[in-house]
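Residue-level structure breakdown
Here is how the chains run, residue by residue.
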Amino acid sequence: LFTLETLKDAVLHGRDLACDALPTPTTVQDLLEARLSELPAQCTDLLRVAAVAGADLTVERAATMLSCSPLELAQAWTRLETANVLAGQRFAHDLVHDSALRLVPSALRRVLHASWAALMTRDAAVAPGRVAAHWQAAERWGEAARSWFAAAVAARRAGRLVEEVELLERAAERHAQAGDE
């Protein structure tokens, strides 16, 4: 990935590809963050929403989050795929996702996590643990506790008793953070 990103950076910025002329960034993260920062403004909101969504990203959910139709996302989505940021409904690489997430201000990240959790709560097919993870990242402790408890109930129904205990512990920790004894 480092080699590919270095070469992409050289080509995108018209640098000479002679071996002694290649840039030497400190990390691949620096290259990725620079490349993501150069994306057109039309991609910025989608990139932020996708970064916070992570594995929960779908076209339909992104459209709902951005208050638009899936068709209105087509141009920005295509641009992100062409730039090798997205591959379908996932990030092209974990490091690309990490870099995109780092570009989302922390206050905005918490708000977006809460929005994702609220959106996913309405979908019965979504596992409660996925919702709980977003509530927790949003620092919404009460909602996170209730979702972790729902995940524990689902684990018990599935006969995954060790997982149930772990999820109940998470729920208890979030209740304590919420000040709910």
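Residues numbered from 1 in each chain as written. Predicted model: local features only at pLDDT ≥ 70, side-chain atom pairs only at ≥ 80, totals over all residues. Heavy atoms only, no water.

Each helix and strand in the protein was counted, giving 10 helices and two strands. Helices and strands in the protein line up, N terminus first, as α-α-α-α-α-β-β-α-α-α-α-α. Projected onto its principal axes, the C-alpha positions of the protein cover 65 × 35 × 30 Å. Here the protein, with 181 residues, has 36% of them falling under the buried criterion. Contacts in the protein between residues at least 24 apart in sequence constitute 55% of all its contacts with a sequence separation of at least 6. In the structure as shown, the protein presents an accessible area of about 10,100 Å², 55% of it carried by carbon and sulfur atoms. Looking at charge distribution, the protein has the averaged site of its 19 positive side-chain charges lying 4 Å from that of its 24 negative ones. (Helix = DSSP H or I, 4+ residues; strand = E, 2+ residues; numbered from the N terminus. Buried < 20%, exposed > 50% of the residue type's maximum accessible area, 1.4 Å probe, protein only. Contact = heavy atoms within 4.5 Å. Areas by Shrake-Rupley, 256 points an atom, 1.4 Å probe, with all protein chains shown as cover. Lys, Arg positive; Asp, Glu negative; His and termini not counted. Charge placed at Lys NZ, Arg CZ, Asp CG, Glu CD.)

Positive phi is not limited to glycine here, since serine 67 has a value of about 50°. Among the structural elements, serine 67 can be located in the loop between α4 (59–65) and α5 (74–82). On the basis of relative accessibility, which here comes to 68%, the residue serine 67 falls in the exposed class.

With that out of the way, let us pick up helix α9 (residues 141–157). Here α9 contains 17 residues, and its C-alpha end-to-end distance of 24 Å stays within 8% of the 24 Å for a straight helix at 1.5 Å per residue. Residues of α9 that are buried sit in contact with α8 (128–137) and α10 (161–177). (Expected span 1.5 Å × (residues − 1).)

Using the criterion set out here, one finds zero aromatic pairs in the structure. A cation over an aromatic ring shows up here: arginine 170 above the ring of tryptophan 148, its NZ or CZ 4.7 Å from the ring centre. (Phe/Tyr/Trp six-rings, centres within 6.5 Å; stacked < 30°, edge-to-face > 60°. Lys NZ or Arg CZ within 6 Å of the ring centre and 35° of its normal.)

All right, on to the packing of helix α3 (residues 41–53) against helix α6 (residues 94–102) then. In the contact formed by α3 and α6, the axes pass within 9 Å of each other and the chain directions differ by 115°. Here the hand of the crossing between α3 and α6 comes out left-handed. On the side of α3, the interface is formed by Leu47, Ala51 and Val52, while α6 contributes His97, Ala100 and Leu101. In the contact of α3 with α6, the residues fall into five nonpolar, one polar and no charged. (Axes fitted to C-alpha atoms, helices over the stretch in contact; angles between N-to-C directions. Left-handed = near helix turned anticlockwise from the far one by under 90°. Nonpolar A, V, L, I, M, F, W, Y, C, P; charged D, E, K, R; others polar.)

Turning our attention to the environment of glutamate 163. Relative to the helices and strands, glutamate 163 is located in helix α10. When its relative accessible area of 31% is taken as the criterion, glutamate 163 is described as partly exposed. Along the chain, glutamate 163 and cysteine 68 lie 95 residues apart, while their C-alpha atoms are 38 Å from each other.

Here the focus is the pattern of salt bridges. For the coordinates displayed, the defined rule picks out seven salt bridges. Linking glutamate 163 and arginine 160 is a salt bridge whose minimum nitrogen-to-oxygen distance equals 2.6 Å. For arginine 160, a relative accessible area of 38% corresponds to the partly exposed category. (Salt bridge = Lys/Arg side-chain N within 4 Å of Asp/Glu carboxyl O.)

The next point concerns the side chain of serine 99. Structurally, serine 99 is set in helix α6. Residue classification places serine 99 among the buried positions, given a relative accessible area of 0%. Excluding residues that lie within four positions of it along the chain, serine 99 makes contacts with Gln29, Leu32, Glu33 and Leu36.

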